[in-house]
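Each chain, letter by letter, is given below.
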Amino acid sequence: LVTAFEEVIVGQNDIIMKQGDAGDYFYVVAYGELSIHVNGNKVGSTGPGNSFGEMALLYTCPRAATVKAETPSTRLFRVDQKSFRFVMQTQTKQSEE
């Protein structure tokens, strides 16, 4: 799975994903702080070691929230939907055996 991830550096106030958009990536936060917004209201925050974006990839539904970088040089790792689903299916099969 690690080799499927791509590093992304974003600037302060950059939008990582927007509520209502199609899901394309799953993200893991390596450095920096991000805010989470639903219907324009801040509902939470996240930082290093946390992840987000899996729901839209698992269920092929629109993004449930907007995520914005709050710190300069926020460092993320992301994996695309195809790779994410492949890994999830492989893990499920292995756990069933």
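Structure: above.
Residues numbered from 1 in each chain as written. Predicted model: local features only at pLDDT ≥ 70, side-chain atom pairs only at ≥ 80, totals over all residues. Heavy atoms only, no water.

## Overview of the sheet that holds strand β5 (residues 41-46)
Turning to step 1, where the next piece is worked out: As summarised here, the arrangement of the four strands in space is β2-β7-β4-β5, forming an open sheet in which the pairing is antiparallel. The open sheet terminates on both sides in strands that have one partner only, identified here as β2 (15-17) and β5. Ignoring strand direction, the axes of neighbouring strands in this sheet form an average angle of 30°. (Pairing = 2+ DSSP bridges. Helix = DSSP H or I, 4+ residues; strand = E, 2+ residues; numbered from the N terminus. Axes fitted to C-alpha atoms, helices over the stretch in contact; angles between N-to-C directions.)

## Considerations on unusual backbone geometry
Turning to step 1, where the next piece is worked out: The phi torsion at N13 lies on the positive side, around 75°, for a residue other than glycine.
Turning to step 2, where the next piece is worked out: Relative to the helices and strands, N13 is located in the loop between β1 (6-10) and β2.
Turning to step 3, where the next piece is worked out: One non-glycine residue, N39, lies in positive phi territory at about 55°.
Turning to step 4, where the next piece is worked out: Looking at the secondary structure, you find N39 in the loop between β4 (34-38) and β5.

## Digging into the nonpolar core
Turning to step 1, where the next piece is worked out: Listed in full, the 12 residues of the largest apolar core are V8, V10, I16, M17, Y25, Y27, V29, L34, F52, V67, A69 and L76.
Turning to step 2, where the next piece is worked out: Residue assignment for this core shows that the elements contributing at least two residues are β1, β2, β3 (25-31) and β7 (66-69).
Turning to step 3, where the next piece is worked out: Ranked by residue count, the leading element in this core is β3, at three residues.
Turning to step 4, where the next piece is worked out: Other than its neighbours up to four places away in sequence, Y27 contacts I16, N50, S51, F52, R63, L76, F77 and R78. (Core = buried A, V, L, I, M, F, W, Y, C linked by side-chain atoms within 4.5 Å. Buried < 20%, exposed > 50% of the residue type's maximum accessible area, 1.4 Å probe, protein only. Contact = heavy atoms within 4.5 Å.)

## As for the environment of G11
Turning to step 1, where the next piece is worked out: Within the fold, G11 resides in the loop between β1 and β2.
Turning to step 2, where the next piece is worked out: Each C-alpha atom, one on G11 and one on P72, is 4.9 Å from the other, the two residues being 61 residues apart in sequence.
Turning to step 3, where the next piece is worked out: Apart from the residues lying within four places of it in its own chain, the contact partners of G11 are A69, T71 and S73.

## Here we look at the pairing of β4
Turning to step 1, where the next piece is worked out: Bridge count for β4 against β5 is five bridges, and the pairing is antiparallel. For L34, the partnering residue across the bridge sits in β5 and is T46.
Turning to step 2, where the next piece is worked out: The turn joining β4 and β5, which pair antiparallel and follow one another in sequence, is formed by two residues; a positive phi near 55° is taken by N39.
Turning to step 3, where the next piece is worked out: Pairing between β4 and β7: four bridges, direction antiparallel. Bridged to H37 within β7 is T66.

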